[in-house]
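If you want the building blocks of each chain, they are given just below.
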Amino acid sequence: MNFPMNIWYQAAWAEEIVNDKPLARTIAGVPLVLFRDENGNVAALHDVCPHRFAPLSRGKVEDGIISCGYHGLAFNGSGKCINNLHGPTPKVGTRAFPVAERHEAIWVWPGNAELADPAKIRDLSFLDNTPETAKFRGYMPTKANFQLLSDNILDLSHANSLHLESLGGIQPGFKMEARELDEGVEVTWTAKNVEPNGLTRAAMSEYSLVDQYLHCSWRPAGLLILDGGAKMPGSDEFLEMTRAFHSMTPETDTTSHYFFAVTRITDLENTDVTEAVKKLTYQAFYNEDKPMIEAQQERMGTAEFWSLRPALLAIDNGAVRARRKLDKIVAAEHAGDLTAAAAE
Amino acid sequence: MNFPMNIWYQAAWAEEIVNDKPLARTIAGVPLVLFRDENGNVAALHDVCPHRFAPLSRGKVEDGIISCGYHGLAFNGSGKCINNLHGPTPKVGTRAFPVAERHEAIWVWPGNAELADPAKIRDLSFLDNTPETAKFRGYMPTKANFQLLSDNILDLSHANSLHLESLGGIQPGFKMEARELDEGVEVTWTAKNVEPNGLTRAAMSEYSLVDQYLHCSWRPAGLLILDGGAKMPGSDEFLEMTRAFHSMTPETDTTSHYFFAVTRITDLENTDVTEAVKKLTYQAFYNEDKPMIEAQQERMGTAEFWSLRPALLAIDNGAVRARRKLDKIVAAEHAGDLTAAAAE
Amino acid sequence: MNFPMNIWYQAAWAEEIVNDKPLARTIAGVPLVLFRDENGNVAALHDVCPHRFAPLSRGKVEDGIISCGYHGLAFNGSGKCINNLHGPTPKVGTRAFPVAERHEAIWVWPGNAELADPAKIRDLSFLDNTPETAKFRGYMPTKANFQLLSDNILDLSHANSLHLESLGGIQPGFKMEARELDEGVEVTWTAKNVEPNGLTRAAMSEYSLVDQYLHCSWRPAGLLILDGGAKMPGSDEFLEMTRAFHSMTPETDTTSHYFFAVTRITDLENTDVTEAVKKLTYQAFYNEDKPMIEAQQERMGTAEFWSLRPALLAIDNGAVRARRKLDKIVAAEHAGDLTAAAAE
């Protein structure tokens, strides 16, 4: 498995974990069952009953207790066995993983629990602060390594080949700058005096020329905030701005959970634009990105990325920096340097 | 492959082997073709033509001779090649396996033919002696190791979680006793003064309280007779009794053939009860047991059972004894002690 | 991979490669994209973009240039990168394979390009010279090793078991002769004074007795020309003759591309007969040969053919000679003797 374990991964949207219904989801290679305990807090347990290995997710949740659907052993949110229908309660439990609910998302830490600090979860308060009418969320399971999905957002030039009919391409004359920080990678794309296209045209068709702006901010393992907006040429004020959260979680080495949330930052009341953006986004993600990236994974097979000797182009600058940063985190974990690995 | 080879496995119900129609079935990892020879006796041949490896089961049976559908080589029930359409008959044959038809079932011995003695087939004469109107038979291929299926019957406590809506649970206050014999394992469950539920209710709804009784008798590799009945409280006479045969045959390490036959022992003329029992049984087996046990296998993957360190509970007593007995038989076979392995 | 690489394989029928539409096809284990360059010549490139490994076949072809659908890198028919939408054109290209269009087919040489000489392509000018009304072509992907498909044509005795209802069997009293040449293997089947059956009956039902003739000419790796015809008993003149081209190309070790073309040599204007032959051929190939050969492959698994110790019969003479010849070619390639391997 080629991803860090001592890190917070998004495991679900908060709304996916409802009362009485356990959710099975494999995160970073670990099969988990997610459910709400007696206080409504989300619990994440190893989805394997210690008795006979049935998935707990096939059982039921009552009053915050999950019981195995096969022989009835019951576990609380800490993974402690608290009831055996047919005899003394066994001391053996099932492993509980650190879990946090924040910014409308459920976060799970698959590694060393002692290192799990919710303060390390990326600040996504813009999700909390955007009214429901001005945003939408989605989940797209994808048969590709999660880094191929990060690469996709870190190199937006692909829009010129893949998204011309939906989100629109990167405009001619765009300038790209990639910058490495201690905590991640930032990539900015700017273009001046260009015709609005794709998403921008959907929001501001009345302008013939605008200054366009895209900013992508990546944090490990696969968390990206992507701002896209437009200003009147020469102005400093955004007439239009969309902020999207792209969250890639490894399921296995070759499959991923892709969570996304798109929020409007300007023109919040205009639900027509939100709907238009939503339609274009689903078109782009499901019909354009997903088939291409899954085909890319299929051609790569199980080979390690660098072993295939990719041709490095200028547009890869941001994605390559992010990959190298993540490689270091994984290498440090494998070397046992958990502090380095856990630092975000 | 983790199962004995020098043992009789049920390969089919007798009625499955009809004239002119070869049946392909893999038993204990060996692809077999089953058909009736010129005397109506069932033959079991390696289902691979020695000429070019086509499955003989794609050929045709005429007058008890099976001929390969590809180039026409013909074999009798002993696996001897008796005709080559296009030249001299080759000396090479295909391996024939010891086979017996007994108690409405077809039995195959995949191991050393010299050790195969039909007298070692478990006595199931109750199947022969029950009229057709008071019984039913079934076959349920299952994507799970055959021992997971034996475990399921040896530990009936699972009914309280899985079968409450169909067969009914084990009643509160039930007492379980497991006993090991030279030839197998016996488990008895009894409860006094309980309300009839599930199967029992179907048969005797007019009684408000009964004494319930369940008895499971396991023989290697995966043959179980399960008696379930009820008496008037304090009485010795069964008002109601069902006797079921559960027969688990390994196909591969992670897939099985599950044959079952359920017979009524009391109240034979009441076909309504037989129909009710049949309906509940199919509900329990196909919709409740099978999905759970296949999910259990999926979580276990290809790991060896004990290597996963299952939590051992009191209710596992019978199943664990059966597993340990079978482990010894397999170990003896692997060590070359065929006599021990063949002893039932 | 157990097949020669320094050899011409049929990769497609010429008509499959149309303007603007790249075709993805894996030949001898190599994923290829086939398209027409600016001169209308077919190009065969490694179907993996050197930038990020997306399949080029998911891109588009314009004016003979293929561009990757992901980031837009464009390649000419030589595999040279000639455009990068987003910066300087990188020096890295994708591998181009020797390709030739001849006899209505596209031929690819997956091995050492320096050894690729189109003069080595088998002469199939009969395909060019037969009018469209008197022939038909097909393509049948098959889940079996390509040599199992060659074996099938080299041993026509299988028709007596498999094709009695379609193409007709080999007649009683047929004589088979197999002959080995430097360049391949020839097998002839003759029968005198037999009733027309199958294909022959379709063409000449007015004759009650004929002399039948079948001639199969194999060249490595899997190219066969099969003549089938009939004469008046004792005559030298064919009243009826069909010439078929069978072309088996390995996709992987256990899957193949089966191309076939059937031409009428006599009675060219009689399109009714051509239609009848076509119908019988499709029946035989798709419903009779393909399921049997795929079942044969399934039973063989990934085992090497000779390791399974096939029973060798007289009818195998031609197929065994062809296999041994091919084994030598592969062994010579593995030993580095490219000249021997390339010699046809």
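Residues numbered from 1 in each chain as written. Chains lettered and ligands numbered in written order. Predicted model: local features only at pLDDT ≥ 70, side-chain atom pairs only at ≥ 80, totals over all residues.

Moving on to the interface of chain A and chain B. Each side of the interface is counted separately: chain A has 20 residues, and chain B has 16 residues. Here the residues of the side of chain A that touches chain B sort into 11 nonpolar, 7 polar and 2 charged. (Contact = placed C-beta atoms within 7 Å. Nonpolar A, V, L, I, M, F, W, Y, C, P; charged D, E, K, R; others polar.)

With that settled, consider the environment of Met300 of chain B. Looking at the secondary structure, you find Met300 of chain B in helix H5 (residues 271-300). Along the backbone, Met300 of chain B and Ala113 of chain B are 187 residues apart, and their C-alpha atoms lie at a distance of 33 Å. Among all residues touching Met300 of chain B, those that are not within four sequence positions of it are Phe53 of chain A together with Leu308 of chain B. (Helix = DSSP H or I, 4+ residues; strand = E, 2+ residues; numbered from the N terminus.)

All right, on to the packing of helix H2 (residues 146-154) of chain C against helix H6 (residues 317-334) of chain C then. Residues and elements named next belong to chain C. With their axes 8 Å apart at the nearest point, H2 and H6 run at an angle of 145° to one another. The two elements H2 and H6 meet at a crossing, and its hand is right-handed. Contacts between H2 and H6 pair Gln147, Ser150, Asp151 and Leu154 from the former with Gly318, Ala319, Ala322 and Arg323 from the latter. Split into classes, the residues belonging to the contact of H2 with H6 amount to 3 nonpolar, 3 polar and 2 charged. (Axes fitted to C-alpha atoms, helices over the stretch in contact; angles between N-to-C directions. Left-handed = near helix turned anticlockwise from the far one by under 90°.)

Formed by 276 residues in total, the largest nonpolar core has its most connected members in Val108 of chain A, Val108 of chain B together with Val108 of chain C. The residues touching Val108 of chain A, leaving out its near neighbours within four places in the chain, are Tyr9, Ala11, Ile27, Leu32, Ala44, Phe97 and Val99 of chain A. (Core = buried A, V, L, I, M, F, W, Y, C linked by C-beta atoms within 7 Å. Buried ≥ 20, exposed ≤ 12 C-beta atoms within 10 Å, placed from the backbone.)

All names here are of chain A. We note that the domain assignment places domain 1 (9-119) and domain 2 (123-342) within chain A. The centre of domain 1, based on its C-alpha atoms, is set 32 Å off from the matching centre of domain 2. Taken together, the contacts link 12 residues of domain 1 with 15 residues of domain 2. At 4 residues, the largest contribution of residues to the side of domain 1 that touches domain 2 is made by strand S1 (residues 9-13). (Domains from an automatic or database assignment.)

With 20 residues of chain C at the interface, the matching set in chain A holds 16 residues. In terms of residue class, the side of chain C that touches chain A is built from 11 nonpolar, 7 polar and 2 charged.

Another aspect to go through is the sheet that holds strand S18 (residues 255-264) of chain B. Across a sheet, strands are paired by hydrogen bonds formed along the backbone, either parallel or antiparallel in direction. Residue and element names in this part refer to chain B. Across the sheet, 7 strands lie side by side as S12-S18-S17-S16-S15-S14-S13; this open sheet has antiparallel pairing. Two strands in the sheet have a free side with no partner beyond their single neighbour: strand S12 (135-142) and strand S13 (175-180). Taking each pair of neighbouring strands and ignoring which way they run, the sheet shows an average axis angle of 15°. Here 6 bridges tie S13 to strand S14 (residues 185-194), and the two strands are oriented antiparallel to one another. Within the sheet, the bridge partner assigned to Ala178 lies in S14 and is Val187. (Pairing = 2+ DSSP bridges.)

A few words on the relation of the copies chain C and chain A. Superposition of the two copies of the chain requires a rotation about an axis and a shift along the axis. Of the transformation placing chain C onto chain A, the axial shift is 0.0 Å and the rotation is 120°, giving an RMSD of 0.0 Å. Such a combination of rotation and displacement between the chain copies is what one expects of a three-fold axis. No C-alpha of chain C lies nearer the rotation axis than that of Thr302 of chain C, which sits 12 Å from it. (Least-squares fit on C-alpha atoms with pLDDT ≥ 70 in both.)

A separate point is helix H5 (residues 271-300) of chain C. An α-helix turns once every 3.6 residues. As a result, residues three or four positions apart point the same way. Residue and element names in this part refer to chain C. Helix length check: H5 (30 residues) gives 41 Å between terminal C-alpha atoms against 44 Å at 1.5 Å per residue, within 8%. Along H5, the sharpest change in direction is near 35° and occurs at Asp289; proline Pro291 comes one to four residues later. In the segment just after H5, Gly301 is the residue with positive phi, at about 60°. (Expected span 1.5 Å × (residues − 1). Bend = angle between axes of the 7 residues up to and from the residue.)

As a further point, take H6 of chain C. Residue and element names in this part refer to chain C. Along its 18 residues, H6 runs 26 Å from first to last C-alpha, staying within 8% of the 26 Å computed at 1.5 Å per residue. Listing the buried residues of H6 in full gives Gly318, Ala319, Arg321, Ala322, Leu326, Ile329 and Glu333. Relative to the axis of H6, the buried residues are bounded by an arc of 165° and lie together on one face. The outward face of H6, more than 90 degrees from its buried face, is lined by the exposed residues Arg324 and His334. Phi for Gly336, located one or two positions after H6, is positive at around 90°. (Arc of directions from axis to C-beta.)

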